[in-house]
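# Architecture and fold: a report
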Amino acid sequence: MNLIQWATSPWGQQVPTHISWILLWVSAIAGLSFLIVHALYVSIWAKKTAHADSSAGISPAVVAKIPERVPRHSLSARLFHAIMALSMLALLFTAFLPKVGVQFAWVTYHWIAGIVLSISVLYHIFDAFWFQDFWSIWPDKIDIEDAGNRVKRAMGQDAPAPRKFAKYPLENKLYHLAVMCAGLSAIITGLFMMKRVRTPFFERNPYLFSDMTWGWMYVLHGLAGVGFVALVITHIYMAIRPEKFFITKSMIFGWMDREHYLEHHDPRRWSVAPETPASATPASPESKKAPA
Amino acid sequence: MAVIHDVIPAFELFQPASVDDALSLQSRYGAKAWVLAGGLDSFDWFKDRIKRPEVVIDLSQVKELRGVRATSDGLEIGAMTTLTEVVHHPMIREKYSILPSAAEAAASPQIRNQGTIGGNVSQDARCWYYRGGWPCYRAGGNICYADTPTGLNREHAILDANRCVAVNPSDTAPALIALDAKMVVRTPKGERVVDAENYFIGPGTDITRMTILKPGDLLTSIKIPSTWAGSQFYFEKVRDRAVWDFALVNVAAAMVMSGDSIQRIRIAVNGVAAHPVRLTAVEAAVVGKPCSEETAEMAGQIAIRGAEPLQYNGYKVPLMRNLVKRAIRGGSAQA
């Protein structure tokens, strides 16, 4: 089976043209398989995660200052998420519905959605750099150590109990990393591909790159696109799982309740108290800025 | 590059005797099968060795696909009816003379003797980059070689281009749209009847096909309702060589007059887009108006709205405008 479609250019060169569209189904099946396996694992085998007592060493005064509604996502972050989600769904539907037999003139809708996504991601990068806690979404040393400990404990080995999360669980951080890689790949290649279609923004120039470069660009765009099918399936699945729903709610309303915060998050790694006393010194750079 | 060879690649040939058998074969072989009508488009592909089907289903022995039949509401033309038969059929000539005019404008007498009306409306694009076997969008690639600053695009689209700028080459297609014909398509799920204007699709919808026909589908007949029987018709085709060539632009119109004014009209052009274009804005604008120079001028201007010529086909814009003007005037005056 060829995972990449090849063609012979007018100059006799073998060049890639697209990914094989069978990969669309591979990605969809992979996404669905993940959620089935995960749902079975959680309901049958998984034990409730025992966190180390992260409250030790934290002043009761600090705990008392934690508000009933812990702010988690700013309005701008939520609006970005909504716009990005809508444009992403529009991109996926316009890209793949024709591939599964729903024929319509999709190209214009596709690049318009792509422009919306690109602008929203640019805004997000700017916002994250200057106004949010930029490092809070990147995995840190504690995440890696705790992930190792969680795996060891799941396999029945002795390991320290993992600590509570900072603002984002490791799974969130890894998902963000995957979306960032796939998203930037799709956006950068997509913006170049707009030079090949008629838009009000660019003068068409299909000879901007060589056939080989264009071919790999189409392959990368396609791989990112089909990758998003699995990523979106898993994201929606996680968003509607009951035990994760408080995170989903926080993306809608901007806050999570105090009980969930104290149950899942370490106040030293994600400080939300109005004023942090000296006794609760932040343990990582993640708490340097105000919560997003 | 296309290279004409003496011998076409081997394939397994089937000659079914009925539509059911043909559909059964199509269903069995799916996308591996190639449906052969008159063969005038197909053999080009085969001899150039660009299309290499494993199976060819030759419809020449399916008698139910041939001939012209009167129906309670007009007539029905079998998809395998030759263009020559369409040109000379008395009932078609009497009531729907635009169709013989269009069919007679297609190709040469020898080709019309062999070519079928089903094949004429379903034929593939004639863009030489595509026919040359280059990996363009229409061939499943990711580029249009014609739509570049240096591309040879004198014959290409001025309307509705969407990555691919090839045009539909059919002469009978705009005439059938003007007659409000219905295309009868047999599919694995049953029979579909679609308006002629919806039978053709542009590259925005599916860049690799010219019509709604998918593997397994078969155009069996074309029904022409009596709605436009005996109307005032106009067909004109402009081509490089009058003896035998594809249209640069053609126009087909059916008009019903009420006194001096246009009561009803259907008008379509081809050779300007990847599908024949029904000019609904022109139709709406000229209904109720007299067949005057002013009306014709207005129609011509409306027709070319949105036209985006390429490097070498700017002449198609005034050509299309003037053909529409001439159609509205019924050819009584020079554009």
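Heads up: the structure comes first, above all this text.
First, a word on scope: everything that follows refers to the structure included in this document. No experiment lies behind these values; they were computed from the predicted model shown.

## Remarks on the overall build of chain B
What chain B contains, in helices and strands, is 13 helices and 12 strands. Whereas a compact globule of 335 residues would reach a radius of gyration of roughly 20 Å, chain B reaches 20 Å, a difference of no more than 12%. Along the three orthogonal principal directions, the C-alpha set of chain B runs to about 60 × 55 × 35 Å. Burial statistics for chain B: of 335 residues in total, 57% are counted as buried. Taking all contacts inside chain B whose residues are at least 6 apart in sequence as the whole, residues at least 24 apart take part in 64%. Accessible surface for chain B amounts to roughly 13500 Å². Of this, 50% is attributable to carbon and sulfur atoms.

## Re the interface of chain A and chain B
At the interface, 23 residues of chain A touch 23 residues of chain B. The junction of chain A with chain B conceals about 1800 Å² of combined surface from both sides, 48% of it contributed by carbon and sulfur atoms. When the shortest N-O distance is used, the salt bridge between R198(A) and D147(B) registers 3.6 Å. Looking at the side of chain A that touches chain B, the elements with two or more residues in it are β1 (4–8), β2 (14–19) and α7 (211–240) of chain A. Considering only residue class, the side of chain A that touches chain B consists of 11 nonpolar, 8 polar and 4 charged.

## Focus on the packing of helix α3 (residues 75–96) of chain A against helix α4 (residues 107–130) of chain A
Residue and element names in this part refer to chain A. Between α3 and α4, the shortest axis-to-axis distance is 9 Å and the interhelical angle comes to 155 degrees. When the axis of α3 is compared with that of α4, the two are roughly antiparallel. Considering the relative orientation of α3 and α4, their crossing is left-handed. Counted together, S76, F80, I83, M84, S87, M88, A90, L91, T94 and A95 of α3 and Y109, H110, A113, G114, V116, L117, S120, V121, Y123, H124 and D127 of α4 form the full contact between these two elements. Grouping the amino acids of the contact of α3 with α4 by side-chain chemistry returns 13 nonpolar, 7 polar and 1 charged.

## Considerations on helix α6 (residues 170–193) of chain A
Residue and element names in this part refer to chain A. Here α6 spans 34 Å end to end across 24 residues, near enough to the 34 Å set by a 1.5 Å rise per residue. Buried within α6 are the following residues: L170, K173, V179, A182, G183, A186, I187, T189, G190 and M193. Of the surrounding elements, those touching the buried residues of α6 are α4, α5 (141–154) and α7.

## Structural notes on the state of the cysteines
If you walk through the whole model with that rule in mind, you get 0 disulfides over all chains. This cysteine, C144(B), is not joined by any disulfide, and C164(B) carries the nearest cysteine sulfur, 5.6 Å off.

## Topic: helix α12 (residues 293–303) of chain B
Every buried residue belonging to α12(B) is among T295(B), A296(B), A299(B), G300(B), I302(B) and A303(B), and all of these are buried. Buried residues of α12(B), viewed axially, fall in a sector of 165 degrees; they line one side.

## Observations concerning the packing of aromatic side chains
For the structure shown, the criterion picks out 21 aromatic pairs over all chains. A ring pair is formed by W21(A) and F96(A), whose centres lie 6.4 Å apart and whose planes are at 70 degrees; its orientation type is edge-to-face. With W21(A) in the loop between β2 and α1 (22–45) and F96(A) in helix α3, this pair connects stretches of sequence that are 75 residues apart. The exposure class of W21(A) is partly exposed, given its relative accessible area of 26%. Through a chain of ring-to-ring contacts, the aromatic side chains of F129(A), F134(A), W135(A) and W138(A) assemble into a single cluster. The ring of W45(B) carries the charged tip of K51(B) above its face, separated from the ring centre by 4.8 Å. Above the face of the W228(B) ring, R264(B) is positioned so that its terminal group lies 4.5 Å from the ring centre.

Definitions and limits used
Residues numbered from 1 in each chain as written. Chains lettered and ligands numbered in written order. Predicted model: local features only at pLDDT ≥ 70, side-chain atom pairs only at ≥ 80, totals over all residues. Heavy atoms only, no water. Helix = DSSP H or I, 4+ residues; strand = E, 2+ residues; numbered from the N terminus. Rg over C-alpha atoms; globule rule 2.2 N^0.38 Å. Buried < 20%, exposed > 50% of the residue type's maximum accessible area, 1.4 Å probe, protein only. Contact = heavy atoms within 4.5 Å. Areas by Shrake-Rupley, 256 points an atom, 1.4 Å probe, with all protein chains shown as cover. Buried area = accessible area lost by both parts, 1.4 Å probe. Salt bridge = Lys/Arg side-chain N within 4 Å of Asp/Glu carboxyl O. Nonpolar A, V, L, I, M, F, W, Y, C, P; charged D, E, K, R; others polar. Axes fitted to C-alpha atoms, helices over the stretch in contact; angles between N-to-C directions. Parallel < 35°, antiparallel > 145°, perpendicular 65-115°, else oblique. Left-handed = near helix turned anticlockwise from the far one by under 90°. Expected span 1.5 Å × (residues − 1). Disulfide = S-S within 2.5 Å. Arc of directions from axis to C-beta. Phe/Tyr/Trp six-rings, centres within 6.5 Å; stacked < 30°, edge-to-face > 60°. Lys NZ or Arg CZ within 6 Å of the ring centre and 35° of its normal.

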